[in-house]
Amino acid sequence: MSLCLFCKIANKEIVSRVVYEDDKILAFEDINPQAPFHVVVIPKQHIATLNDVRNESVYSDVFKAIGQITKNANLQERGYRVVANCNGDGGQTVFHLHFHVLGGRAFRWPPG
Ligand code: AMP
Ligand code: ZN
């Protein structure tokens, strides 16, 4: 079975710039950053979209990692944004569940 792009990053078949890793989660620098700090946080397990989450513990694993990542990057006081795009209207392009963590500049609302 061929693995998706982020599965290949998770198992180190494709090189990425890792900023955080534990047994369930990997976070790496986005290849096309939209802010001075732009990291993609993924569960190592393949889940295609937010719609496919069957065990909500993935959210606590992801957000525990995000807490550590934003602390390490000194973003907590200044602030940051977490984004999860789902399917077509959400703008998802890689179908392995992931959360963008963006920081280092001010973001507008609503998003485009
Ligand atoms: P999304 O559009 O929400 O599905 O986000 C996918 C993200 O993955 C985009 O921000 C891409 O820039 C990023 N991306 C794609 N390929 C790679 C890669 N090889 N390494 C790091 N980030 C990537
Ligand atoms: Zn995958």
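Higher on the page you've got the structure.
Quick summary incoming for the structure in this document. (Residues numbered from 1 in each chain as written. Chains lettered and ligands numbered in written order. Predicted model: local features only at pLDDT ≥ 70, side-chain atom pairs only at ≥ 80, totals over all residues. Heavy atoms only, no water.)

Taken together, 15 residues sit near ligand 1, with Asp30, Asn85, Thr93, His98 and His100 positioned nearest. One nitrogen or oxygen atom from the side chain of Asp30 is found 2.5 Å from an oxygen atom belonging to ligand 1. At 2.7 Å from an oxygen atom of ligand 1 is found a main-chain nitrogen or oxygen belonging to Thr93. Out of a free accessible area of 510 Å², ligand 1 has 84% covered by protein chains. Its atoms largely coinciding with the cavity grid, ligand 1 occupies the largest pocket. Going through the elements one at a time, helix H1 (5-10) and strand E2 (25-29) are the ones with two or more residues in the shell around ligand 1. Counting residues per element, the shell around ligand 1 draws most heavily on H1, at three residues. Looking at the shell around ligand 1 residue by residue, the classes come out as six nonpolar, seven polar and two charged. (Near = heavy atom within 4 Å. Polar contact = N/O pair within 3.5 Å; in protein donor to acceptor, adjacent residues only side chain to side chain. Areas by Shrake-Rupley, 256 points an atom, 1.4 Å probe, with all protein chains shown as cover. 1 Å grid on protein atoms, 1.4 Å probe; cavity = no way out; pocket = protein on both sides within 12 Å on 5 of 7 lines; lining within 4 Å. Sits in = over half its atoms within 2 Å of the grid points. Helix = DSSP H or I, 4+ residues; strand = E, 2+ residues; numbered from the N terminus. Nonpolar A, V, L, I, M, F, W, Y, C, P; charged D, E, K, R; others polar.)

With respect to the helices, strands and loops of the structure, His100 is situated in strand E5 (residues 99-103). Among the residues examined, His100 registers a relative accessible area of 13% and is labelled buried. Separated by 2.8 Å, the side chains of His100 and His38 make a polar contact. Setting aside residues up to four positions removed in sequence, His100 forms contacts with Asp30, His38, Val39, Val40, Arg81, Val82, Val83 and Asn85. (Buried < 20%, exposed > 50% of the residue type's maximum accessible area, 1.4 Å probe, protein only. Contact = heavy atoms within 4.5 Å.)

This next bit is on the side chain of Gln92. The topology assignment puts Gln92 in the loop between helix H3 (87-90) and E5. Within the local environment of Gln92, its side chain forms a polar contact with the backbone oxygen of Ala48, the two atoms lying 3.1 Å apart. In terms of polar contacts, Gln92 uses its side chain to reach the backbone amide nitrogen of Asn87, at 2.9 Å. In contact with Gln92, not counting residues within four places along its chain, are Ala48, Thr49, Asn85, Cys86, Asn87 and His98.

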